[in-house]
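# Chain and residue survey
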Amino acid sequence: MVQSHRDTRFAQAKTPPSFILFGEPTQGLRRIAQELPLVLESQGYRFEPAAEAPRAVLNFIQPERPVPYRRKAQGTMVVSFLELPKMPADPIAALYGYLVRALSNMLVVYVPGQGAYFLTLELGQYHEPEGPGFTERLAGRIHPIASSVLVVNNLFEPDLEPELWQGDALTQSLGAAGRKLAEWDLLPTAFPIEEILPPEDLRHVKRLYGIGGLSYGNLSVRKDERRFWMSASGVDKANLREVGRDILLVTDYDPTQNAMRLSVPPHVEPRRVSVDAIEHWMIYREHPQVGAILHVHAWMENIGSTQFNYPCGTYQLAEAVAEKVREAPDPSRAVVGLKNHGLTITGHSLEEILERIEGRLLRQVPMS
């Protein structure tokens, strides 16, 4: 019997999240700086001003000098608040730099009289107008970011069977699927981030994501009951070749260390696996009939979606996607929308997934 991921105890994801305030709010943000902590505390958050590694930071920045909060722990999520007299005509070009220079997971732009505009690293964009319950709605928008727990650490074990050092038929199918996605013009990125950011800011984004490069989307295929091959983080998905570098064998999730376990060749300096490995692990573990999983930053019409915009690589996003797969009429052939983010698609093989979705993908992900 395959054990459900819901049987795994994961204390960090269930404990009340702590938060701190950082920076000096401008005049228009003072009310938010006073009221928002009270709302968060009423919802179970713990305000711990002296915390060395808080789960969340409410960072108030200035337009002329967006000072970042320097994380002491990788799992700290930063929500930065910026006051502007009006929204720019091109919000992404004008504001994404603030998001990155403040080393933030989310930027909240407050425009007096209009409300709050939100921007995430994945380019999620939405708006909450001022009015009754504004602070409560603001808290609801930042909660998925502020409460999330990253699962991005890897435990490498140099015990991969020698006969798999050069890969197998399944790793070849990963490479072929990656090349097909490139032909469809879905890779390497869902938006021209190199055109938006100068090199210094681009390095900040890579540091935030904990990756060596930006190449959105990932692919995996089941190897056996407990293991699956998956694309590495930040690699060119159109050129998946080397085991341990481009493709990794995921063997398990370790809840005590909050890390993915990987089996690698002893002679290779490995790359980290995709940040979505925890999500794929949950799905494979619960649904033995799932043979492959594809994640792309695209959309399809008439699909169900997760309720909240959780960050990439978090336990909460993985749980939300796994729940949608579980609710699908056929979990082995599910198409799940990730709110303001993209798609996770299960199938019997990567070839079967690509055949099902060819010609149906929309490059623009709807934001709400």
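Let us look at the structure shown here. On a predicted model such as this, the values are computed, not experimentally measured, just so you know. (Residues numbered from 1 in each chain as written. Predicted model: local features only at pLDDT ≥ 70, side-chain atom pairs only at ≥ 80, totals over all residues. Heavy atoms only, no water.)

## Describing the packing of helix H8 (residues 277–286) against helix H9 (residues 315–327)
Keep this limit in mind: Fitting a line to C-alpha atoms yields each axis, with helices limited to the stretch in contact; the angle taken between N-to-C directions then spans 0 to 180 degrees. For helices the rule is a DSSP run of H or I covering at least 4 residues; for strands it is a run of E covering at least 2, with both sets numbered from the N terminus onward. A clockwise turn of the near helix away from the far one marks a right-handed crossing, whereas an anticlockwise turn of less than a right angle marks a left-handed crossing. Two residues qualify as a contact provided that any one of their heavy atoms is within 4.5 Å of a heavy atom in the partner residue. Three classes are used: nonpolar for Ala, Val, Leu, Ile, Met, Phe, Trp, Tyr, Cys and Pro, charged for Asp, Glu, Lys and Arg, and polar for all others, with Gly counted as polar.
At their nearest, the axes of H8 and H9 sit 8 Å apart, and the two run at 35° to each other. Crossing hand, H8 versus H9: right-handed. From H8, Ile278, Glu279, Met282, Ile283 and Glu286 reach across to H9, where they touch Tyr315, Leu317, Ala318, Glu319, Val321, Ala322, Val325 and Arg326. The residue makeup of the contact of H8 with H9, split by class, is nine nonpolar, no polar and four charged.

## Quick word on the pattern of salt bridges
We apply this condition: Here a salt bridge means any side-chain nitrogen of Lys or Arg lying within 4 Å of a carboxyl oxygen belonging to Asp or Glu.
Throughout the structure, instances matching the rule amount to 16 salt bridges. For Glu130, the salt bridge identified is with Arg31, shortest N-O distance 3.1 Å. Residue Glu130 is found in the loop between strand S7 (125–128) and helix H4 (134–146), and its partner Arg31 is found in helix H2 (residues 30–42); the two are separated by 99 residues along the sequence. We note a salt bridge from Glu48 to Arg46, for which the minimum N-O separation is 2.0 Å.

## Topic: helix H10 (residues 350–357)
Put simply, the rule is: In this scheme, a residue with accessible area under 20% of its type's maximum is buried, one over 50% is exposed, and one in between is partly exposed, where area comes from a 1.4 Å probe on protein chains only.
Of all eight residues in H10, six are buried; the element is thus mostly enclosed. Along H10, the positions that sit buried rather than exposed are Leu350, Glu352, Ile353, Leu354, Arg356 and Ile357. Elements that come into contact with the buried residues of H10 comprise helix H5 (169–183), strand S9 (218–222), strand S13 (292–296), strand S14 (335–338) and strand S15 (342–347). In the stretch just after H10, Gly359 is the one whose phi turns positive, near 80°.

## A few points about the pairing of strand S10 (residues 228–231)
Filter applied, for reference: In this description, strands pair whenever DSSP reports at least two bridges between them.
Residues Phe228 and Met230 line one face of S10 and the alternating positions Trp229 and Ser231 line the opposite face, and both faces are buried. Two elements, S9 and S10, share three bridges in a ladder whose sense is antiparallel. Pairing of Val221 across the sheet is with Trp229, part of S10. Bridging between S10 and strand S11 (residues 247–254) involves four bridges; their strand directions are antiparallel.

## A word on the sheet that holds strand S5 (residues 106–111)
The strand order across the open sheet built from seven strands is S2-S1-S3-S4-S5-S6-S7, with neighbouring strands paired in mixed fashion. In the strand order of this sheet, the two ends are held by strand S2 (46–47) and S7, each with one partner. Pairing of strand S6 (residues 115–120) with S7, which is carried by four bridges, proceeds in the antiparallel orientation. Within the sheet, the bridge partner assigned to Leu119 lies in S7 and is Gln125. In this fold H2 packs onto strand S1 (18–23), S2, strand S3 (56–60), strand S4 (77–83) and S5, with an angle of close to 175° to the strand it touches most, S1.

## Concerning the packing of aromatic side chains
Put simply, the rule reads: Here is the rule: rings of Phe, Tyr and Trp (six-membered ring for Trp) pair when centre to centre is within 6.5 Å. Planes less than 30 degrees apart are stacked, more than 60 are edge-to-face, and the remainder are tilted. We call a charge positioned above a ring when the Lys NZ or Arg CZ atom is no farther than 6 Å from the ring centre and deviates by at most 35 degrees from the ring normal.
Across all of its chains, the model carries 10 aromatic pairs by this definition. Aromatic side chains Phe22 and Tyr69 sit 5.3 Å apart centroid to centroid with 80° between the ring planes, which places their arrangement in the edge-to-face category. Highlighted residues: Phe22 in strand S1 and Tyr69 in the loop between S3 and S4, separated in sequence by 47 residues. Aromatic pair Phe228 and Tyr284: ring centres 4.8 Å apart, planes at 35°, arrangement tilted. One end of the pair, Phe228, is in strand S10; the other, Tyr284, is in helix H8, and 56 residues separate them in sequence. The two residues Phe228 and Tyr284 agree in class, both being buried. Through pairs of rings, three or more aromatic residues link up here, namely Phe19, Tyr45 and Phe47. In this arrangement the basic side chain of Arg101 is found over the ring face of Tyr98, its NZ or CZ atom lying 5.8 Å from the centre.

## Considerations on the sheet that holds strand S8 (residues 153–157)
If you walk across this open sheet you meet the eight strands as S8-S12-S11-S10-S9-S13-S15-S14, and the pairing is mixed. A strand with exactly one partner marks an edge of an open sheet, and here the two such strands are S8 and S14. Adjacent strand axes in the sheet meet at a mean angle of 25°, parallel and antiparallel pairs treated alike. Pairing analysis gives five bridges linking S13 to S15, with the strands arranged antiparallel. Directly across from Ala292, in S15, lies its bridge partner Gly347. Here H5 sits on the sheet and contacts S9, S10, S11 and S13; the angle it forms with S9, its principal contact strand, is near 150°. The strands touched by H9 within the sheet are S11, S14 and S15, with S14 carrying the most contacts at an inclination of about 145°.

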